[in-house]
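# Structure at a glance
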There are 2 protein chains.
Amino acid sequence: MQSSTSTARPGRPRSAAAATAILAATREALVEVGWSKLTLGDVATRAGVAKTTLYRRWSGKNELVVDAVAELFDELELPDRGSLAADIEGVVLQFVAILARPEAKSGLMAVVAESTRDDALRERIRRSIVDRQKRLVLQGRSRAQKRGELPPETDPEEAARTADLIFDVVAGAVVHRTLVSAEPADEEWVRSFTRVLLLGLTGDS
Amino acid sequence: MQSSTSTARPGRPRSAAAATAILAATREALVEVGWSKLTLGDVATRAGVAKTTLYRRWSGKNELVVDAVAELFDELELPDRGSLAADIEGVVLQFVAILARPEAKSGLMAVVAESTRDDALRERIRRSIVDRQKRLVLQGRSRAQKRGELPPETDPEEAARTADLIFDVVAGAVVHRTLVSAEPADEEWVRSFTRVLLLGLTGDS
DNA sequence: CCATTACGCTACGACTCGTAGCGAAAGCTC
DNA sequence: GAGCTTTCGCTACGAGTCGTAGCGTAATGG
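Residue indices begin from 1 for each chain and proceed along its sequence in written order. Lettering for chains starts from A, numbering for ligands starts from 1, and both go in the order in which the items are written. Local features are withheld for residues below a pLDDT of 70 in this predicted model, meaning they are given only at 70 or higher, and side-chain atom pairs are given and counted only at 80 or more; totals for whole chains, interfaces and linings count all residues. Only hydrogens and water are removed before side-chain values are computed, so all heavy atoms of the structure are retained for them.

## Regarding the overall build of chain A
Scanning chain A for helices and strands turns up nine helices and zero strands. When the helices and strands of chain A are listed from N to C terminus, the series reads α-α-α-α-α-α-α-α-α. Each principal axis of the C-alpha distribution contributes one length, and for chain A these read about 65 × 50 × 30 Å. The proportion of buried residues among the 205 residues of chain A is 48%. Contacts are assigned to residue pairs that have any heavy atoms within 4.5 Å of one another. Of all intrachain contacts in chain A linking residues separated by at least 6 positions in sequence, the fraction that spans at least 24 positions is 62%. Surface exposure of chain A reaches about 10,100 Å², of which carbon and sulfur atoms provide 52%. By the counting scheme adopted, Arg and Lys are positive, Glu and Asp are negative, and His together with the chain ends is not counted. The atoms used to mark charge sites are NZ of Lys, CZ of Arg, CG of Asp and CD of Glu. Distance between charge centroids for chain A: 8 Å, based on 29 positive and 30 negative side chains. Helix and strand labels come from DSSP, where a helix needs a run of H or I of at least four residues and a strand needs a run of E of at least two; each type is numbered from the N terminus. Think of it in three bands: with a 1.4 Å probe and only protein chains considered, a residue is buried below 20% of the maximum accessible area for its type, exposed above 50%, and partly exposed in between. For the accessible areas, the method is Shrake-Rupley and the probe is 1.4 Å, while residue cover comes only from the protein chains on display.

## Describing the protein's contact with DNA strand C
Residues in contact with DNA strand C amount to 23 residues; listed here are only the nearest, Gly11(A), Thr52(A), Thr53(A), Arg57(A) and Tyr55(B). Near, as used in this document, describes a residue that has one of its heavy atoms within 4 Å of the molecule or strand being considered. Within 4 Å of the protein, the atoms of DNA strand C are drawn from sugar and phosphate moieties in a proportion of 55%. Within the backbone of Arg12(A), an N or O atom sits 3.1 Å from a base oxygen of DNA strand C. Here Lys51(B) contributes a side-chain N or O atom positioned 3.2 Å from a base oxygen of DNA strand C. Secondary-structure elements contributing two or more residues to the surface near DNA strand C are α3 (51-57) of chain A together with α2 (40-47) and α3 (51-57) of chain B. The greatest single-element share of the surface near DNA strand C, amounting to four residues, is contributed by α3(A). The definition of a polar contact used here is a pair of N or O atoms within 3.5 Å, where within protein one atom must be able to donate a hydrogen and the other to accept one, and adjacent residues in sequence count solely through side-chain atom pairs.

## A closer look at the nonpolar core
By nonpolar core is meant a set of buried Ala, Val, Leu, Ile, Met, Phe, Trp, Tyr and Cys residues that side-chain atoms within 4.5 Å join together. Judged by nonpolar contacts, the single largest core of 130 residues is most densely connected at Phe73(A), Val92(A), Phe193(A), Phe73(B), Val92(B) and Phe193(B). Leaving out residues up to four positions away in the same chain, Phe193(A) has contacts with Val92(A), Val169(A), Val170(A), Ala173(A), Leu165(B) and Val169(B).

## Structural notes on the environment of Lys51(A)
All names here are of chain A. For Lys51, the position within the fold is in helix α3. For Lys51, a relative accessible area of 47% gives the class partly exposed. In this structure, the C-alpha to C-alpha distance between Lys51 and Gly41, residues ten residues apart in sequence, is 5.7 Å. Lys51 has contacts with Gly41 and Ala44, leaving out every residue within four places of it along the chain.

## Quick word on the interface of chain B and chain A
Contact with chain B, which involves 53 residues of that partner, is made by 53 residues of chain A. Buried surface at the junction of chain B and chain A, summed over both partners, amounts to about 4,300 Å²; 63% is from carbon and sulfur atoms. The salt bridge definition used is simple: a Lys or Arg side-chain nitrogen within 4 Å of an Asp or Glu carboxyl oxygen. In this structure, the connection of chain B to chain A is made through six salt bridges. In this structure, Arg161(A) and Glu188(B) form a salt bridge, with 3.2 Å as the shortest nitrogen-oxygen distance. Viewed at the interface, chain A and chain B are joined by 20 residue pairs in polar contact (both at pLDDT 80 or more). Elements supplying a minimum of two residues to the side of chain B that touches chain A: α1 (16-33), α6 (102-115), α7 (119-147), α8 (156-180) and α9 (187-199) of chain B. The leading source of residues in the side of chain B that touches chain A is α8(B), at 14 residues. Here the quantity called buried area is the accessible surface, traced with a 1.4 Å probe, that two parts lose on coming together, added over both.

## Quick notes on the pattern of salt bridges
Between side chains of opposite charge, a pair can form as their charged atoms come close. Residue and element names in this part refer to chain A. Scanning all chains against the criterion turns up 48 salt bridges over all chains. Between Asp42 and Arg46 there is a salt bridge whose closest N-O contact spans 3.1 Å. Highlighted residues: Asp42 and Arg46, both in helix α2 (residues 40-47), separated by four residues, approximately one helical turn. The class of Asp42 is partly exposed, set by a relative accessible area of 26%.

## Re unusual backbone geometry
We note that Ala182(A) has phi near 55°; this positive angle belongs to a residue other than glycine. Residue placement: Ala182(A) occurs in the loop between α8 (156-180) and α9 (187-199).

## Some points on the relation of the copies chain B and chain A
Two chain copies, one operation linking them: a rotation about an axis together with a shift along it. In superposing the copies, a least-squares fit is computed on C-alpha atoms, taking residues whose pLDDT is at least 70 in both. At an RMSD of 0.0 Å, chain B and chain A line up after a rotation of 180° and a shift of 0.0 Å along the axis. Taken together, the rotation angle and the small translation identify this as a two-fold axis. Looking at the interface residues of chain B, 100% of them are also at the interface in chain A, so both copies use one shared face.

## Regarding the packing of helix α1 (residues 16-33) of chain A against helix α4 (residues 61-73) of chain A
In a pair of packed helices, the angle between the axes and the distance between the axes together describe the arrangement. Residues and elements named next belong to chain A. The contact between α1 and α4 brings their axes to 9 Å, and the two run at 90°. One way to sum up the angle between α1 and α4 is to call them roughly perpendicular. Listed contacts from α4 to Ile22, Leu23, Thr26, Arg27 and Leu30 of α1 are Leu64, Val65, Asp67, Ala68, Val69, Glu71 and Leu72. A class-by-class count of the residues in the contact of α1 with α4 yields eight nonpolar, one polar and three charged. Structural elements are reduced to axes, namely lines fitted to C-alpha atoms, with helices fitted over the stretch in contact, and the angle between N-to-C directions of any two is expressed from 0 to 180 degrees. Note on angle classes: values under 35 degrees are labelled roughly parallel, values over 145 roughly antiparallel, values of 65 to 115 roughly perpendicular, and the remainder oblique. Gly is put with the polar residues, along with every residue not named as nonpolar or charged; the nonpolar set is Ala, Val, Leu, Ile, Met, Phe, Trp, Tyr, Cys and Pro, and the charged set is Asp, Glu, Lys and Arg.

## Details of the domain arrangement of chain A
Residues and elements named next belong to chain A. Each assigned domain of chain A is listed with its residue range as follows: domain 1 (16-57) and domain 2 (70-199). Domain boundaries shown here were taken from an automatic or database domain assignment. Centre-to-centre separation of domain 1 and domain 2, based on C-alpha positions: 28 Å. With both sides pooled, the region where domain 1 packs onto domain 2 buries about 620 Å², and carbon together with sulfur makes up 72% of that total. Seen at the junction of domain 1 and domain 2, the total is one salt bridge. Remark: the boundary between domain 1 and domain 2 carries one residue pair in polar contact (both at pLDDT 80 or more). Of the residues that constitute the side of domain 1 that touches domain 2, the class distribution is four nonpolar, no polar and one charged.

If you want it as structure tokens, here you go:
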């Protein structure tokens, strides 16, 4: 019996422009001052809104940064490059490019760190970042199966577990290389990584 | 002409017991309140020392947490389990166990996040955590080569690059599984991961 | 036109920060 | 032991941030 999907709330609607400005200002502040010194008051000033507006929409710094960072990862896509190896290399290079941006580096790792003590935050990260990008793994696998590069999966549950594993290996390796080892994930590194991922340590062509 | 290695400073020496108590108190605080709400005043109280003592020894929260967390990783070792696969599974399980501890989770990720904007901090992390554990990769490879499981390396530079790659893949995958995906890295997962690492995605036995 | 909600602004107590200054303690050298 | 040096515990401080409350105004829908 509802007219539409809860969009029909009375009163003045929230400004969409404000949301855009706030998230952009958050990323700007992440670049300039980093996560630990980022204050909501500063973000509000940069965005040209009142501090109270910020608190009305987000419960705290963590939630705000998650939303600001999540937008960065939505540009990932998986163009068909003809082979599984080329597909992997392509998407990994995109991921590397995103992680090279300072707002992604400091923001992402910080909220992940905070999420170890905050279940709601972890769930927010999972929904808005992690699960959204797992599609790339599924897409790549299905393409490789059509090409005959990978065998079709038999057990669907096993297939889901493998997809999760691949996602952790790929994303984890890139993040670790970029942030912890802090060395460039250039094309050469991506090629080596892809080779190991496809052939393993023992399988040298 | 120095009596010993710069240990011969005049004046009252710094209490070694205080350092131990401070680092332990830091880990305790990481468990109870997490990184963002951890205050140096609280740590000082827990350790039973004055806040000023803390500031005399560490320049800030980041440096303190790095030292407190670094001690956790020193217990990693690589017992000879007879095969490369078994060796990898063993050390990965140890790593998983350490990362399961809340003080390791929140502390490590937080300082890594901060290090994206602080070169000195990144170098401190590298020296006290990352490089210290790369020995495990080198040790495992050399053992596998003696067993004939891996070919001897030809180019030493290429060998170093590969070792770095392996380290990023292993550590990154475990960290991502544990912290970002936030799902258990149990024995079954470790077995699957080891299989992919050794045989690759294509190589199914 | 009226109810309802969002907005901008100001002000507030509570808290943490990092530092300074002090007297006392604990080592070394002579 | 005397004297020097450095650390330690304690107290106090201004500066800055936190998250919230209160108010008048702006923008929607019925």
